[in-house]
Amino acid sequence: MTDKEEFFDETILEYRRRARKEKYSTLETGMYIKNELVQFERKELFQKKLSIMLPIMFVNMPSNLAKLKYTSEQRPQIIKTSLDTTVNLGMSMLDVEIPAEMISKLRSQTKEALRRLNPSFSFYESGTEIKNVPLGWFEFKSYGLDSDVYNLMFIARVERKMVHGIFNCDYKDALEWRDAARQMMYSIKDITQEEVGK
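Worth saying up front: this structure is predicted, and the values here are computed from it rather than measured.

Caption draft 1: Looking closely at helix α3 (residues 103-117). With 15 residues, α3 should reach 21 Å at 1.5 Å per residue; the first-to-last C-alpha distance of 21 Å fits that figure. Residues of α3 that are buried in the fold lie against β9 (122-129), β10 (135-143), β11 (148-158) and β12 (161-170).

Structure representation (structure tokens):
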């Protein structure tokens, strides 16, 4: 094979990869992540108080592994993970009522507390959304023993209570997972409000 033919083949492959990513770019269609089509489904959590779109292949993280990965006693109440445990979404629903207007402030306070606790962390984008479910979020890079970690931390308001969540994956896979992580976060629905609306 000549260099010209090789270049042509690579160009076609890259074009196909891009076309595939554009076609499969939402949780509803599924998303190509690391050259695999990841399918999502809506799951109900916290005694059917909220629902969220999660990868079908996610499982509950075994408690012995959760204790190793999240050493603090304040580890998330629910931890969903990929089969190789490199991609995780943890969530806790706290018995603390918060007004929707507090979301932005709570996000900033949480980010500031983390920054003080771990000055080495690198912080990136952040935002607040008050559409379906009021939520505030921020991204940061933390440093693990064997690899750097991409984190998307968020605070949401469901049934007037505070929901704290964190998505993380290996930092080298951040660009592969980032869009899916944000879409999952934005897919959160307050089932208790939907019941009221019926």
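Caption draft 2: Structural detail: the sheet that holds strand β7 (residues 78-81). Strand order in the open sheet formed by seven strands is β6-β7-β8-β12-β11-β10-β9, with antiparallel pairing between adjacent strands. Lying at the two open borders of the sheet, with one neighbouring strand each, are β6 (59-60) and β9. Inspection of the sheet shows β10 paired to β11 by nine bridges, in the antiparallel sense. Residue pairing for β11: Phe140 is matched across the bridge by Asn151. Its contacts with the sheet place α3 against β9, β10, β11 and β12, and it is angled at close to 170° to β9. Helix-sheet contacts for helix α4 (residues 174-186) involve β9, β10, β11 and β12, and the interaxial angle to β10 is about 155°.

Caption draft 3: Looking closely at the pairing of β9. In terms of strand pairing, β9 meets β10 through six bridges, oriented antiparallel. If you follow Phe123 over to β10, its bridge partner there is Phe140. Between β9 and β10, which pair antiparallel one after the other, the connecting turn spans five residues.

Caption draft 4: Up close: the side chain of Ser92. Assignment of secondary structure puts Ser92 in strand β8 (residues 88-97). Separated by 3.0 Å, the side chain of Ser92 and the backbone nitrogen of Gln77 make a polar contact. Those residues within four positions of Ser92 in sequence are excluded, and the remaining contacts are Phe46, Arg75, Pro76, Gln77, Met162, Val163 and His164.

Caption draft 5: Layout of the pattern of salt bridges. Per the counting criterion, the structure on display carries 15 salt bridges. Residue Glu125 is joined to Arg178 by a salt bridge in which the shortest nitrogen-to-oxygen separation is 3.1 Å. Of this pair, Glu125 sits in strand β9 while Arg178 sits in helix α4, placing them 53 residues apart in sequence. Residue classification places Arg178 among the partly exposed residues on the basis of a relative accessible area of 24%. Between Arg182 and Glu125 there is a salt bridge; the shortest N-O distance is 3.1 Å.

Basis of the calculations
Residues numbered from 1 in each chain as written. Predicted model: local features only at pLDDT ≥ 70, side-chain atom pairs only at ≥ 80, totals over all residues. Heavy atoms only, no water. Helix = DSSP H or I, 4+ residues; strand = E, 2+ residues; numbered from the N terminus. Expected span 1.5 Å × (residues − 1). Contact = heavy atoms within 4.5 Å. Pairing = 2+ DSSP bridges. Axes fitted to C-alpha atoms, helices over the stretch in contact; angles between N-to-C directions. Polar contact = N/O pair within 3.5 Å; in protein donor to acceptor, adjacent residues only side chain to side chain. Salt bridge = Lys/Arg side-chain N within 4 Å of Asp/Glu carboxyl O. Buried < 20%, exposed > 50% of the residue type's maximum accessible area, 1.4 Å probe, protein only.

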